[in-house]
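Structure assessment
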Amino acid sequence: MRSAAWFVARCALILCALWLIDGAKGQQQQCSEAEYYYEYTECDSTGSRWRVAIPHSPGACTGLPEPVRGTECTFSCKAGEFLEMSAQECTPCAAGSYSLGSGIRFEQWDTMPVGFSSLATSLENGPRGDGRVTCNSSSWLPQGNYLESNRDECTVSLIYAVHLKKKGSVSFEYQYPDNSMLFEFFIQNDQCQEMDQSADAKWLKLTNHGEWATHTVNLKSGTNILYWRTGGVLMASKVVKPVLLKNIQIEGVAYTSECFPCKPGSFSRLPGSSVCEPCPRNTYSGHGASSCTPCNTTTQYAAEGSAVCKDRPPCSKKDYSQIHTACDSEGKTHVIYKWINPKICLEDVPEAETLPPSGEREPCPPCNPGFYNNDTATCSPCPPGTFSDGMKPCKQCPAGTEPTLGYEYKWWNVLPSNMKTSCFNVGNSKCDSMNGWEVAGGYIQSGAGSSDNDYLILNIHVPGFKLPTSVSSQSGTEYGRITFEFDTMCTADCELYFMMDVNRKSTAVVESWERTKTRQTYTHIMTKNASVSYTWAFQRTNQPSDVRQYVNDVARIYSITVSNAIDGVSSGCRVCALSTQPSSSTCVPCPAGHYIDTDTSQCTECPPNTYLVPHASPGPKACKSCGPGSKSDKDHRGCYSDCHFTHTEGNATLTFDFSLLGSTGSLMNGPSFTSKGTKYFHHFNISLCGAQGQLAVCTDNVTDLSITNSQREKGEGANAVKTFICQSTIIPASGRGFQTALSSQSINLADTFLGATVEDNLDGIRARPELYPKTSMKVPDVHFYYRSLETTSSCESGRSAVVTLRCNPEKSTKGELSVPNQCPAGTCDGCTFRFLWESPGACPTCTESDYHQIEGVCKGEHQDLLYMWNEPKLCMGGVTLPEKKTLPCEGMDFWIRLGAGLGAFTAVLLVSLTCYFWKKNKRLEYKYSRLVMSANKECEMPVADSCAVMEGENEGDMDDEVVYTKPSLLGKLKAIASKGNGEKYENVQLNSSHSKALVWS
């Protein structure tokens, strides 16, 4: 019963639900055109597709239009039109909007547009290995008119995916002024495989400060994932300039179903526009405007392309500048004050500054050297072959001299004809050129600019260099030089850049100065004969700005001198060599390594082991002696070591041959880590010996990846450094997402060899051996001293380097390079670099005193002589060990027998002598006793066996005392030797109180 009731209830509930559903269907309304939109399906194999309606809110309405056959897949609209999907026809865009037809453009960056994403890559482990450093705060940032990249070492990618129905392209504008950042653009397909791209298309080139460059890359049909990737490659203390990106345009989409409204600050007046124009100055517009609205110029102003009008501030001293007019016929210049253009201030309010009165006349400064004033209002260049100091008329150079060529600007009444000034706004295009650099009589200074982060540009172009005739045939390392005197006065983070563009390839920063700098001089040497543009760029602040707050922060340049400029003028004359023909006054070139003898005006070769100093005064002093342990090349361009060195101390002479160390040595020092955790290494290349062909090479592959490896090894890249010692900063590929290790910041540490010596000091450079571990080897260390002629802001005298060669037989022949533990970067002060090179190749050449002789045992009447090196062996090369020698010898048995015979003979002889002297002694004792006994009798003397009294002597006078003198052993031996000659005798002296007698026997 219960189950039947439950079944009936369930059926009733189901019927009620069905009834409610049917009622709801009857009440659901039909979809209107505003509630759905059209889309095309994917193209099939026949190239056809269908148009389908898709509701904005699924299920909200019913009765969608049925699918219909769409246009062909290759169909597209022209620029300024969009595809109206209801009629499937191209329709012109309305005023206030634009269309690219088959493309899309992104030019407004108030927020990140839909479809774009910024992805930061965490860096690898830090120095303690305590996890990965996060980069969550690193991102591409929208800045209104452009995108700004990160400024740190994190790798950040800007990603956008687009599906193209046909082949197309992508183009964008960018600013990339700082090689401390890496900037690459590459494309992947939908399988995350990188498309084939040349290095030129992938790695973007540096741009001039403030200038925008355009980059275009072709795209294939299908899905293209676009990557703009940046990352810091420099561990610099100064602020890194970010990469800026704007106006991204993609061509190749099949169609656009709607037009894009004009961004604020722009407008399109007519229907069917493909672009929007920026609003003129002092007008503004909002989103999708077809016209611009004028500002109330009485109290407001607006820059070009403004979205709003701003109130004008009261005028102040920073709103006007002072200029000088050209000199008039009386040699006077007018001082004129003018408002900085565009004028944005109000001068009719109580607290405003007024414009000072103009028209004051001042004496014109003299003409610059090489120019003259011929009673006109302008200075004219001297004719060829003549010279002038700027204050006197031009005149011919005397015989035996020739005019020097170049520029020497030290008076700034007007801007020279070969110089240009401009102003670049970071976010927009060029600003008013009048706001660039302005002349001020004794100097030229930075102008006001449109905003504080503008780049104020000053440029001078040199088409080439021409050496003086006498040195024109000498292919030296200096073709010309530029010298300028400057200072800066800043309250913000200003920076002055000095840049160089060789042969119009790419502009590179030579040197830069931050904040306030006192008046100083900087010189740069040109080492190749090429067309070059020198550029000075001044920026008051690196932070985004659209106002003039630090206009009183200025950079001043007092003088600019360029030597040997091919289109220059002459400010003086220099001595030249004359032809050997009689009465000739023609200047002739001197061969390489020859100086001009001022007495004879002839070319004279420098003495051996001297080099010719560039720009030296004529005469023998132009040749400078090479340092110790060095020699000059055949052209006397410089000095080098031929890998041979000799040191004499006392009576010992040590000879070294360092060629065993190889042509170059390399040291990878580190790793080191930045504050963000980026791992990097210092890589040094060192060339000890040889001239130009054996120099070390360091390259920069961050902005020069298009060159081949062979070109890089030869030092042919634009940023390559070829010298005795160079350094690069290496960032490994691991942890950064790059496919290759990055080499950057290649710098020259040593381009001049000063000499090699065992002394700890040479030409003011100290070796400081106390920085290295002490050695027990008795061989002295040999120090190679180098210097770089390139000065920097931190090293006013240039960099220097010392390579200490130490004999260490425990190392390999190539040896091992190291730096002091106290200076892990190779330098403690940033200017002097020190290296220790330990190797057996740094040991002296072997001589006969380095080995000793060992005699072997005598076997079979033959003996071996062996030669061994002294331990430890502190020599290399030189003499070799002599071969083993075998000599005849006497055996041991012979010497034993000879020794035994001599011993037996000596024993028999000693026994015989002992017996003989014992017997002799007995006889003497017997005679002595007889004499004693006879002396006791009163009147008679005993009769001796053999006794005689010498004639003339009285027996009575003989004394009673008998004195016996015992002969010594030496006397006995003498007696034996004289036996047979009748001279053998013994004497006994008899003494008494009355008489003396001498008895012989």
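Residue numbers restart at each chain and count upward from 1, following the sequence in its written direction. Per-residue local features of the predicted model are confined to residues with pLDDT of at least 70, and side-chain atom pairs are confined, for both listing and counting, to 80 or more; whole-chain, interface and lining totals are unaffected and use all residues. Values reported for side chains reflect all heavy atoms of the structure, with hydrogen atoms and water molecules removed beforehand.

Next up on the list: the overall build of the protein. Numbering of helices and strands starts at the N terminus; helices are DSSP runs of H or I of at least 4 residues and strands are runs of E of at least 2. Helix and strand counts for the protein stand at five helices and 75 strands. Of all intrachain contacts in the protein linking residues separated by at least 6 positions in sequence, the fraction that spans at least 24 positions is 66%. Computed with a 1.4 Å probe, the accessible areas rest on the Shrake-Rupley method; for each residue, only the protein chains presented here act as cover. Looking at the protein as shown, the accessible area adds up to about 52,400 Å², and 52% of this sits on carbon and sulfur atoms. Residue contacts follow a heavy-atom distance rule, with two residues in contact if any of their heavy atoms lie within 4.5 Å.

Disulfides are defined as cysteine sulfur pairs within 2.5 Å. This structure, assessed with the given rule, holds 21 disulfides. Cys397 shares a disulfide with Cys573; S-S distance 1.9 Å. Judged by the sign of its S-S torsion, about -80°, the cystine formed by Cys397 and Cys573 is left-handed. Remark: Cys573 occurs in strand β46 (residues 573–575) and Cys397 occurs in the loop between β32 (395–396) and β33 (401–403); sequence separation between them is 176 residues. The cut-offs for exposure are 20% and 50% of the maximum accessible area for each residue type, with area from a 1.4 Å probe on protein chains only; residues under the lower value are buried, those over the upper are exposed, and the others partly exposed. Of the residues examined, Cys397 reaches a relative accessible area of 16% and is grouped as buried. Through a disulfide, Cys626 is tied to Cys639; the S-S separation comes to 1.9 Å. On the sign convention where negative means left-handed, the S-S torsion of about -80° between Cys626 and Cys639 marks this disulfide as left-handed. Residue Cys626 is found in the loop between β52 (623–625) and β53 (631–632), and its partner Cys639 is found in strand β54 (residues 639–640); the two are separated by 13 residues along the sequence.

Moving on, we come to the sheet that holds strand β58 (residues 679–686). Spatial strand order, β57-β58-β61-β62: four strands in an open sheet with antiparallel pairing. Where the open sheet ends on each side, the last strands, each with one partner, are β57 (665–673) and β62 (742–750). On average, each strand axis in the sheet is tilted by 20° relative to the strand beside it, whichever way the strands run. A pair of strands is treated as paired once DSSP finds two or more bridges between them. Fitted lines through C-alpha atoms serve as axes, helices being fitted only where they are in contact, and the angles separating the N-to-C directions of these axes extend from 0 to 180 degrees.

This part is about the side chain of Asn189. Here Asn189 is to be found in the loop between β15 (181–188) and α2 (199–202). Under the relative-accessibility criterion, Asn189 is labelled buried at 16%. The contact partners of Asn189, leaving out residues within four places of it in the chain, are Met195, Thr223 and Ile225.

Next up on the list: the nonpolar core. Residues belong to one nonpolar core when they are buried, are Ala, Val, Leu, Ile, Met, Phe, Trp, Tyr or Cys, and are joined through side-chain atoms within 4.5 Å. Formed by 40 residues in total, the largest nonpolar core has its most connected members in Trp437, Phe484, Tyr534, Trp536, Ile557, Ile560 and Val562. Filtering out sequence-adjacent residues up to four positions away, Trp536 remains in contact with Trp437, Leu456, Ile457, Leu458, Ile460, Ile482, Phe484, Tyr497, Phe498, Ile557 and Ile560.

So, on to the side chain of Asp553. Along the polypeptide, Asp553 turns up in the loop between β44 (532–539) and β45 (554–563). Neither His nor the chain ends is counted toward charge; the positive residues are Lys and Arg and the negative residues Asp and Glu. One side-chain nitrogen of Lys or Arg within 4 Å of one carboxyl oxygen of Asp or Glu is enough to make a salt bridge. Buried within the structure, Asp553 lacks any salt-bridge partner; Arg540 is the closest side chain of opposite charge, at an N-O distance of 5.8 Å. N or O atoms within 3.5 Å of each other form a polar contact, as long as, within protein, one can give a hydrogen and the other can take it, and as long as residues adjacent in sequence are counted only when both atoms are side-chain atoms. Among the polar contacts made by the side chain of Asp553, one reaches the main-chain amide nitrogen of Ala492 at a distance of 3.2 Å. The contacts of Asp553, once residues within four sequence positions are left out, are Ser446, Met489, Cys490, Thr491, Ala492, Phe538 and Arg540.

Attention now moves to the pairing of strand β18 (residues 244–251). With respect to burial, β18 is a largely interior element, six of its eight residues being buried. By the bridge criterion, four bridges tie strand β7 (residues 103–106) to β18 in an arrangement that is antiparallel. Paired with Arg105 across the bridge in β18 is Gln249. As defined by bridge partners, strand β12 (residues 147–148) adjoins β18 across two bridges and the pair is classed as antiparallel. Along β18, the bridge assignment pairs Leu147 with Leu245. Here six bridges tie strand β14 (residues 168–175) to β18, and the two strands are oriented antiparallel to one another.

What follows deals with the sheet that holds strand β63 (residues 752–757). Taking strand neighbours across the sheet as the criterion, the five strands line up as β63-β66-β67-β69-β68 in an open arrangement whose pairing is mixed. Two strands close off the open sheet at either side, each with one partner strand: β63 and β68 (816–818). Averaged over all neighbouring strand pairs, the angle between strand axes comes to 20°, with direction disregarded. The pairing of strand β67 (residues 800–807) with strand β69 (residues 832–839) spans eight bridges and is parallel. Its bridge partner lying in β69, Cys807 is registered against Ser839.

The next thing to look at is a nonpolar patch on the surface. Together, Ile854, Leu866 and Met868 make up a nonpolar patch on the protein surface, roughly 240 Å² of accessible area in all. Positionally, Leu866 belongs in strand β71 (residues 862–869). For Leu866, a relative accessible area of 38% translates into the label partly exposed. Residues form patches when they are more than 30% accessible in relative terms and have no salt bridge. Like charges link within 9 Å. Nonpolar side chains (Val, Leu, Ile, Met, Phe, Trp, Tyr) link within 5 Å.

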